[in-house]
Amino acid sequence: MTEHISRAITRVGVIGGGLMGSGIAEVCARSGLDVIVSEVRPEFAESASRRIAASMARAVKAGKVDPDEADQVNALIKVVVGLEELADRQLVIEAATENEQLKLQVFTDLDRIVTDPDAILASNTSSIPISKLAVATGRPDKVVGVHFFNPATVQKLVEIIPSLLTSTWTVDSVVEFATVALGKTVVRAKDRAGFVVNALLIPYLLSAVRMFEGGHATAEDIDNGMVLGCAHPMGPLRLLDLVGLDTAKSAAESMYAEYGEPHYAPPALLSRMVEAGLLGRKSGRGFYDYAT
């Protein structure tokens, strides 16, 4: 390997086939890359396959892709159970649940399984410091944050987050991957919890929860205020429902642990809603009801 020359990435692994993972897999396959999605259980793998196929069917119906292209994209994505089939990947993007201990175990396992010493191990974490994940491996110079935004098939932004241990070669490779292969726009962030976007976004979302919790306004009025008064494409409470209340809570906890600032602390209402399983769109109910 020549350290100062980045390498074209054609074989990608994605860990997790939920909304983010399946979206990342679809984006990669639409760019002609060979993609393997890893799930932990057969029923989750089946759900991931259905989710990707349904997304491509919607794209065909909307006229964004033709049926032949959709077939080609579906053919480039293989969904498997377990991590073993990721052994030959050049880049693996972890998009598992936003749980630090789970992610640490994933990176420990990947370090053992992925055979190419130049393979890059990336995390789609929205808030966990990359250095914590890097030191769980024997290749910390090849570990980097590559943070997509939901839905990955639509959102143009990708945050690239090197740790203090990430090599320049690794950063150059993932920047080229995101910009050239995927056509995304990249921003670079320091390895601090929340990075750029969530460090700004999460306090805003939590403020909306506190406003609703305190009875200042209804959910609809809070959201309409920001959509119609500030030209936001979506109000904060609907955005929380889209992101997932559990994901937002985990991100807030990670940032509060790092910074200790009150505006990062999850409000009591957010914690109670997560405990009750009111997670937003993915559970059918959050601040709004999606069951009907």
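The rules behind the values
- Residues numbered from 1 in each chain as written.
- Predicted model: local features only at pLDDT ≥ 70, side-chain atom pairs only at ≥ 80, totals over all residues.
- Heavy atoms only, no water.
- Salt bridge = Lys/Arg side-chain N within 4 Å of Asp/Glu carboxyl O.
- Buried < 20%, exposed > 50% of the residue type's maximum accessible area, 1.4 Å probe, protein only.
- Helix = DSSP H or I, 4+ residues; strand = E, 2+ residues; numbered from the N terminus.
- Pairing = 2+ DSSP bridges.
- Axes fitted to C-alpha atoms, helices over the stretch in contact; angles between N-to-C directions.
- Contact = heavy atoms within 4.5 Å.
- Core = buried A, V, L, I, M, F, W, Y, C linked by side-chain atoms within 4.5 Å.
- 1 Å grid on protein atoms, 1.4 Å probe; cavity = no way out; pocket = protein on both sides within 12 Å on 5 of 7 lines; lining within 4 Å.
- Points joined across faces, edges and corners; volume = space filled by probe spheres on them.
- Nonpolar A, V, L, I, M, F, W, Y, C, P; charged D, E, K, R; others polar.

A. Region of the structure containing the pattern of salt bridges. As enumerated under the stated definition, the model contains 17 salt bridges in all. One salt bridge in this structure joins Arg89 and Asp88, with 3.0 Å as the shortest N-O distance. What makes Arg89 buried here is its relative accessible area of 1%. For Asp88, a relative accessible area of 36% translates into the label partly exposed. Among the salt bridges present, the one from Arg112 reaches Asp109, with a minimum N-O distance of 3.9 Å. Residue Arg112 and its partner Asp109 are located together in helix 4 (residues 100-113), separated by three residues, close to a single helical turn. On the accessibility criterion, Arg112 (56% relative accessible area) is exposed. One salt-bridge network, held together by shared partners, links Arg11, Asp34, Asp88 and Arg89.

B. Highlighting the sheet that holds strand 2 (residues 34-39). The mixed open sheet is built from eight strands, whose spatial order is 3-2-1-4-5-6-7-8. Whereas interior strands pair on both sides, the edge strands pair on one side only; in this sheet they are strand 3 (77-81) and strand 8 (185-188). When the angles between neighbouring strand axes are averaged without regard to direction, this sheet yields 25°. Inspection of the sheet shows strand 4 (residues 91-94) paired to strand 5 (residues 120-123) by four bridges, in the parallel sense. Residue pairing in the sheet places Ile93 in a bridge with Ala122 of strand 5. Contacts from helix 4 reach strand 1 (11-15), strand 4, strand 5 and strand 6 (143-148) within the one sheet, and its direction differs from that of strand 5 by about 170°.

C. Expanded view of the nonpolar core. By size, the foremost hydrophobic cluster in this structure holds 37 residues, and its most contacted members are Ile24, Val35, Phe148 and Phe177. Leave out the neighbours within four places in its chain, and Ile24 touches Val14, Ile93, Ala95, Asn124, Phe148 and Ala152. Listed in part, the 24 residues of the second largest apolar core include Ile202, Ala208, Met255 and Phe287.

D. How the structure looks around the side chain of Ser126. Relative to the elements of secondary structure, Ser126 occurs in the loop between strand 5 and helix 5 (130-134). Excluding residues within four positions of it along the chain, Ser126 makes contact with Glu98, His147, Gly194, Phe195, Asn198 and Ala251.

E. Molecular detail of the environment of Arg272. Within the fold, Arg272 resides in helix 11 (residues 268-275). On the basis of relative accessible area, Arg272 is assigned to the partly exposed category, the value being 45%. Sequence separation of Arg272 and Val79 is 193 residues, and the distance between their C-alpha atoms is 34 Å.

F. Geometry of the layout of surface pockets. In this structure, the second largest pocket spans a volume of roughly 200 Å³. Lining the second largest pocket are Glu98, Asn99, Glu100, Ser127, Ile128, Pro129, Lys132, Ser250, Glu253, Ser254, Ala257 and Glu258. With five residues, helix 10 (residues 245-259) is the single largest residue contributor to the lining of the second largest pocket. Here the residues of the lining of the second largest pocket sort into three nonpolar, four polar and five charged.

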